[in-house]
Amino acid sequence: MSGLAFEGVHKRYGGVVALAGFDLVVREGELLVLLGPSGCGKTTALRIAAGLESADEGRVLIGGNDVGRVAPAKRNVSMVFQSYALFPHLTVEENIGFGLRARRAGRMETARRVREAAALVRCEDVLDRKPFQLSGGQRQRVALARALARHPDAFLLDEPLSNLDARLRVETRVELESLHRRLGATMVYVTHDQVEALTMGDRVAVMRDGRVEQVGTPEDVYRRPANRFVAGFIGSPAMNVLPVSVKAERLHAGPFSFSLRGPDEANAKRPLDLGVRPEHLAMASGSSGAAVTVSLVENAGPDAYLYVEADEQRLVVRVDSSTRVKAGDEIRLAVRRANTHLFDAETGESLEGTP
Ligand code: ATP
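The notes below deal with the structure included here. (Residues numbered from 1 in each chain as written. Predicted model: local features only at pLDDT ≥ 70, side-chain atom pairs only at ≥ 80, totals over all residues. Heavy atoms only, no water.)

**Considerations on the sheet that holds strand β18 (residues 313–320)**
One open sheet holds the five strands; their spatial order is β15-β19-β16-β17-β18, and the pairing between them is antiparallel. Whereas interior strands pair on both sides, the edge strands pair on one side only; in this sheet they are β15 (282–284) and β18. Pairwise comparison of adjacent strand axes, ignoring direction, gives a mean angle of 50° for this sheet. Bridge count for strand β17 (residues 303–310) against β18 is eight bridges, and the pairing is antiparallel. Of the residues in β18, the one forming a bridge with Val 308 is Leu 315. (Pairing = 2+ DSSP bridges. Helix = DSSP H or I, 4+ residues; strand = E, 2+ residues; numbered from the N terminus. Axes fitted to C-alpha atoms, helices over the stretch in contact; angles between N-to-C directions.)

**What about the sheet that holds strand β2 (residues 16–26)?**
Across the sheet, which stays open at both edges, the four strands sit in the order β2-β1-β4-β5 with antiparallel pairing between neighbours. The sheet is open, and its two edges are formed by β2 and β5 (65–66), each paired on a single side. Bridge analysis of strand β4 (residues 57–62) against β5 gives two bridges, and the strand direction is antiparallel. Looking at the pairing, Leu 61 lines up with Asp 66 of β5. Each of β1 (4–13), β2 and β4 is contacted by helix α1 (residues 42–50), which is oriented at about 115° to β1, the strand it contacts most. (Contact = heavy atoms within 4.5 Å.)

**A look at the pairing of strand β10 (residues 211–216)**
In the sheet, strand β9 (residues 203–208) pairs with β10 via five bridges, with the strands oriented antiparallel. Each residue of the ladder has a partner; that of Arg 208, found in β10, is Arg 211. Connecting β9 to the next strand, β10, in antiparallel fashion are two residues, including Asp 209 with a positive phi near 45°.

**Here we look at the site of the ligand**
With respect to spatial proximity, 13 residues lie near the ligand, and among them Ser 38, Gly 39, Lys 42, Thr 43 and Thr 44 are the closest. For the ligand, an oxygen atom lies 2.8 Å from a polar atom in the backbone of Gly 39. With respect to the ligand, the backbone of Cys 40 contributes an N or O atom lying 3.1 Å from an oxygen atom. In the complex, the protein chains occlude 61% of the 640 Å² of accessible area that the ligand would expose alone. For the shell around the ligand, the secondary structure elements donating two or more residues are β2 and α1. Partitioned by chemical class, the residues of the shell around the ligand number five nonpolar, six polar and two charged. (Near = heavy atom within 4 Å. Polar contact = N/O pair within 3.5 Å; in protein donor to acceptor, adjacent residues only side chain to side chain. Areas by Shrake-Rupley, 256 points an atom, 1.4 Å probe, with all protein chains shown as cover. Nonpolar A, V, L, I, M, F, W, Y, C, P; charged D, E, K, R; others polar.)

**Focus: the nonpolar core**
Across soluble globular proteins, you tend to see nonpolar side chains buried next to one another. In this structure, Ile 96, Cys 123, Leu 157, Leu 176 and Tyr 189 are the most contacted members of the largest nonpolar core, which totals 42 residues. Considering every element that reaches this core, the biggest residue donor is helix α4 (residues 136–149), with seven residues. If we skip the residues at most four places from it in the chain, Leu 157 touches Leu 46, Val 80, Leu 144, Leu 176, Met 187, Val 188, Tyr 189 and Val 190. With 27 residues, the next largest nonpolar core counts Val 294, Leu 315, Val 335 and Leu 351 among its residues. (Core = buried A, V, L, I, M, F, W, Y, C linked by side-chain atoms within 4.5 Å. Buried < 20%, exposed > 50% of the residue type's maximum accessible area, 1.4 Å probe, protein only.)

See below:
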């Protein structure tokens, strides 16, 4: 196994910029999740690493070696596509062994690696079937087994679970995580599902418009977002963002106000936004907290989302679904300053920790 690095990669398709100075280091043995909105360049990055596309500028290194001139078949990376890309006329066994036969591995060696890979993803009992005789989940496992059988230096997984139903998706996610732990394999996993990203990733790279906005552990990107985009992209429902005004030594944001702390005094010279996650707003009792009016209640199983209005601002609050609140109620909300995030309103950059 070896690591993978992108250095200043640019890629255009006609007038469309897919990657614009894409830099990323995937460490040996880690599962790194590439997360970002549709069209931000995730698939393009994987295809360039696999050699299915070439970069206009920049370098890709696998195991420290520049692979710009290395043919796809010689890169020893395995890509698993969202669409599985199984050969319909071949059996499962032939599909899994396809890459090995193409590389002229011996018959015995191919059979051994096919059995080993099939056992890892638990599809030994369907080796004689054709893809049309398999469920979506089984097809996905066969696609994974085909990648595993090649013993690649790195796995490139492009939304491999997106065609599965919700339950199978969770089951396969857990299997993939344990497979990663057992193999110690370097994996780049593309998704736009942030639950998958936060649960699976050793680290998460959040992308926008062809570049990386932040790379960090799931905890980093959730608790210490580098900017307003990452803050808004990670977390569901999304973080509430309120414009800030500074009056009489206090920060005012929607219905909330805080006294200026040391670093805030310097920050208060520029336009600011304040972010607060729905799960960090708490219902307060008595006269504490700020008064808001509930306009809508959404029940989401264990949680309920309260859409509230105050000072012409709309906020989402996450509460336990057993909380007895209905549309039209006036409630009081409290938030700790430590659970809020300050952003430069113009650049979006996080100002937490900066004086
Ligand atoms: P999604 O989550 O929707 O799969 P993505 O983040 O993987 O999106 P890419 O598929 O890498 O995004 O595409 C990045 C941009 O490049 C998009 O604007 C896309 O339309 C464009 N693009 C990708 N492939 C091609 C192509 N072969 N020809 C023209 N434009 C392309």
